[in-house]
Amino acid sequence: MTTHVRPPSPLPLPESVVPPGVLPWTGEQGRRWAAELPPRWVPVRAYGRFDELVTVAAGGVTLALAAAGVEPYLAALLPLQLLWVLVRPEVVRVAAPGLVVAAALERAGWAGLLGAVVLAGICLALAEVRLRARKRQRACALAAAEGIAAPVPGAGAPLRRGVLLGVFGPVVIAGGGVAIAFGGMVAAAGFLLVGVGLTLLASAGLGRVRASRLGSGPAPVLRVLVRDDPAALTEVFAADDVAARRPLFAVSVLPLDSGEEEPEDEDEADDAEDTEDEADDDLLDRLADDTPGPLREALLYGVPYDGAEIVIVSADEDPDHPPVVERSVGAVRPVRTAPDAAEEPAEVALVVQPVLRWRAGRLDWLAAVLLAQWGVWLSWAVFTDAGVPLWQQLVVLLVGLYGAARLPVRVGWRITADRAGLWINGLFKVTHIPWDDLRSARHRSMELRLRWRGGQSWTIAAPRWTWLERRRGLTHPYDRLAAELNALHAEPGLRPTGEAEKRGRVLWPWALVLAAAWVAALVTVRAGL
């Protein structure tokens, strides 16, 4: 019997909290909204550890310019332009002309002044492209809401947006001032810190103003789906994307203070503390396991765009608890992977049978060939040059032994599913994962990762070309495998009913053969040189 497994239904939001006439933000509308993002050649504040990486890169450029003899404040001002294009394009409208003025006052000559004008012009153009894209995104979101607006929940609560940045910014500026006093390259780093501190203050001010405006009156409302991602950010999906396939944007949010009275009874207080502790433990387990939270129905208050402030009212993960009101404490960050009209169907077809098996395929063999090719390229000099020192020969020997241990796993892995759980063969043992212990199966980038209780995991990797999959309508084998395993985990009635007689074999004998062949090849070739 073939059973089509639909993704688990999102946790429902009580209709009592939904304002009259609120419309869903559909996948088609979400595609239009995502299509209004700037072109891919325009840098956009990305989803992930983007700010930290950009700041570190700006520091490296600053030190390099200072070492080349550029004035410390100019050495910091040049990379700060690019930092502001990526993080705060609003600032570029003032900073880009300021760069030209600074170059003119410094009497950098025609070449220096021309370079400053060109850089300022490029940064200003990129910033304008981003700011105009925001206007188009606002228009798309407003069109989706069709004029439906409602008072923002929690508008009267204390506004915490920008407080942390407002405190941290002056601290960074003070640290930069101390570094400037040392002169030289340290002074250049100090000017950069001052610029970063001012950027933090500008972010705090802009965020606070936008959050205040959001709560000043009725705001557009849309029905969406949300979930907490493994990095503790909230991902927002179209209302009909029940498979959570294409997040539209991610944002950092915090719940508003509920303002509920403290329980008078000690037993009630203890129960409340136990509930909070359990919720904290669940969150920590989710972060450790790199698994997202459940999909929840939600209301999105505000107009979403790159850099916007929003309020989210979502269903609580505990159905006995009231909906959660959360306010953004960071700017909206669009996810570049936009919805695709030809995306993979959300349903997974499973055949209910006694035992299910998955094994390595052609992409796994390709990964093994690439690994072997890399090892041969790295070791080529040892096979062809008689003057290679002994330590390099030992390194090549170890690289070959590592490859001998990895290749059998890449081409020989097998997952067997029966009524007792999953069985994964490995180099030295067959790992058993009971169904109740399985936490998640996820395919990210090139890696398939299975996680189970105790913080344990199993990973395997194979190449993928996302653009080719989208263009040809293909599904990566790891995506299909992860979907099927998650479906079996979520629906006990679909799990295999039998008991597997063969649950996989250890792979060390093949590794031993490859290791012996590698050592023999090394000895034979070196003896003939």
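Here, every reference points to the structure presented above.
### Looking at the overall build of the protein chain
(1) Moving on: Along the backbone of the protein chain there are 13 helices and 19 strands.
(2) Moving on: When the 529 residues of the protein chain are sorted by exposure, 41% land in the buried category.
(3) Moving on: Of the contacts formed within the protein chain by residues at least 6 apart in sequence, a portion of 73% connects residues at least 24 apart.
(4) Moving on: Only carbon and sulfur atoms are counted for the fraction: they give 61% of the accessible area of the protein chain, which is about 27700 Å².

### Here's the deal with the packing of helix 3 (residues 72-87) against helix 7 (residues 184-214)
(1) Moving on: Two numbers describe how helix 3 lies on helix 7: the axes approach to 8 Å, and their chain directions differ by 35°. As helix 3 runs across helix 7, the sense of the crossing is right-handed. When helix 3 is examined against helix 7, the residues Pro72, Tyr73, Ala75, Ala76, Leu80, Leu83 and Trp84 are found in contact with a partner set consisting of Gly184, Ala187, Ala188, Phe191, Leu192, Gly195, Val196 and Thr199.

### Quick notes on unusual backbone geometry
(1) Moving on: Positioned with a positive phi, Glu146 is a non-glycine residue whose angle comes to about 55°.
(2) Moving on: Of note, Glu146 is situated in the loop between helix 5 (109-145) and strand 3 (149-150).
(3) Moving on: On the basis of relative accessibility, which here comes to 57%, the residue Glu146 falls in the exposed class.
(4) Moving on: Unlike most non-glycine residues, Ala244 shows phi in positive territory, near 55°.
(5) Moving on: Examined against the element boundaries, Ala244 turns out to sit in the loop between strand 5 (234-237) and strand 6 (249-251).

### Considering helix 3
(1) Moving on: A rise of 1.5 Å per residue sets the reference length of helix 3, with its 16 residues, at 22 Å; its end C-alpha atoms lie 22 Å apart and thus fit the reference within 8%.
(2) Moving on: Within helix 3, 12 of the 16 residues are buried, which leaves the element mostly enclosed by the surrounding structure.
(3) Moving on: Where helix 3 is concerned, the buried positions are Leu74, Ala75, Ala76, Leu77, Pro79, Leu80, Gln81, Leu83, Trp84, Val85, Leu86 and Val87.

### A few points about the pairing of strand 15 (residues 421-425)
(1) Moving on: Taking burial as the measure, the five residues of strand 15 include five buried ones, the bulk of the element.
(2) Moving on: As defined by bridge partners, strand 14 (residues 414-418) adjoins strand 15 across four bridges and the pair is classed as antiparallel. Opposite Ile415, over in strand 15, you have Ile424 as the bridge partner.
(3) Moving on: Hairpin geometry of strand 14 and strand 15 is characterised by an intervening segment of two residues between the two adjacent antiparallel strands.
(4) Moving on: Bridge count for strand 15 against strand 16 (residues 430-433) is four bridges, and the pairing is antiparallel. Within strand 16, the position partnered with Leu422 by the bridge is Ile433.

### Some details on a nonpolar patch on the surface
(1) Moving on: Residues Leu366, Leu370, Trp465 and Trp467 make up a contiguous nonpolar surface patch of about 410 Å² in total accessible area.
(2) Moving on: Along the polypeptide, Trp465 turns up in the loop between strand 19 (456-461) and helix 11 (466-472).

### A few points about the packing of aromatic side chains
(1) Moving on: All chains considered together, the criterion is met by five aromatic pairs.
(2) Moving on: When the centroid spacing of 5.6 Å and the interplanar angle of 85° are considered together, the rings of Trp25 and Trp33 count as edge-to-face.
(3) Moving on: The interplanar angle of 65° and the centroid separation of 6.4 Å between the aromatic rings of Tyr73 and Phe191 together place this pair among those described as edge-to-face. Placement of the pair is Tyr73 in helix 3 and Phe191 in helix 7, with a sequence separation of 118 residues.
(4) Moving on: On the basis of relative accessibility, which here comes to 28%, the residue Tyr73 falls in the partly exposed class.
(5) Moving on: Among the aromatic side chains, those forming a connected cluster through ring pairs are Trp25, Trp33 and Phe249.

### Re the sheet that holds strand 16
(1) Moving on: Ordered in space as 13-14-15-16, the four strands form an open sheet in which the pairing is antiparallel. The open sheet terminates on both sides in strands that have one partner only, identified here as strand 13 (356-359) and strand 16. Averaged over all pairs of adjacent strands, the angle between their axes in this sheet comes to 15°, without regard to strand direction.
(2) Moving on: The strands touched by helix 12 (residues 477-490) within the sheet are strand 13, strand 14 and strand 15, with strand 13 carrying the most contacts at an inclination of about 155°.

### Structural notes on the environment of Ala461
(1) Moving on: As for its placement among the helices and strands, Ala461 is situated in strand 19.
(2) Moving on: Exposure remark for Ala461: the relative accessible area of 26% places this residue in the partly exposed category.
(3) Moving on: Linking Ala461 and Asp364, residues 97 residues apart in sequence, is a C-alpha distance of 7.5 Å.
(4) Moving on: Beyond its immediate sequence surroundings of up to four residues, Ala461 is in contact with Asp364, Ala367, Arg410, Met446, Glu447 and Tyr478.

Rules and cut-offs
Residues numbered from 1 in each chain as written. Predicted model: local features only at pLDDT ≥ 70, side-chain atom pairs only at ≥ 80, totals over all residues. Heavy atoms only, no water. Helix = DSSP H or I, 4+ residues; strand = E, 2+ residues; numbered from the N terminus. Buried < 20%, exposed > 50% of the residue type's maximum accessible area, 1.4 Å probe, protein only. Contact = heavy atoms within 4.5 Å. Areas by Shrake-Rupley, 256 points an atom, 1.4 Å probe, with all protein chains shown as cover. Axes fitted to C-alpha atoms, helices over the stretch in contact; angles between N-to-C directions. Left-handed = near helix turned anticlockwise from the far one by under 90°. Expected span 1.5 Å × (residues − 1). Pairing = 2+ DSSP bridges. Patch = residues over 30% accessible without salt bridge, like charges linked within 9 Å, V, L, I, M, F, W, Y side chains within 5 Å. Salt bridge = Lys/Arg side-chain N within 4 Å of Asp/Glu carboxyl O. Phe/Tyr/Trp six-rings, centres within 6.5 Å; stacked < 30°, edge-to-face > 60°.

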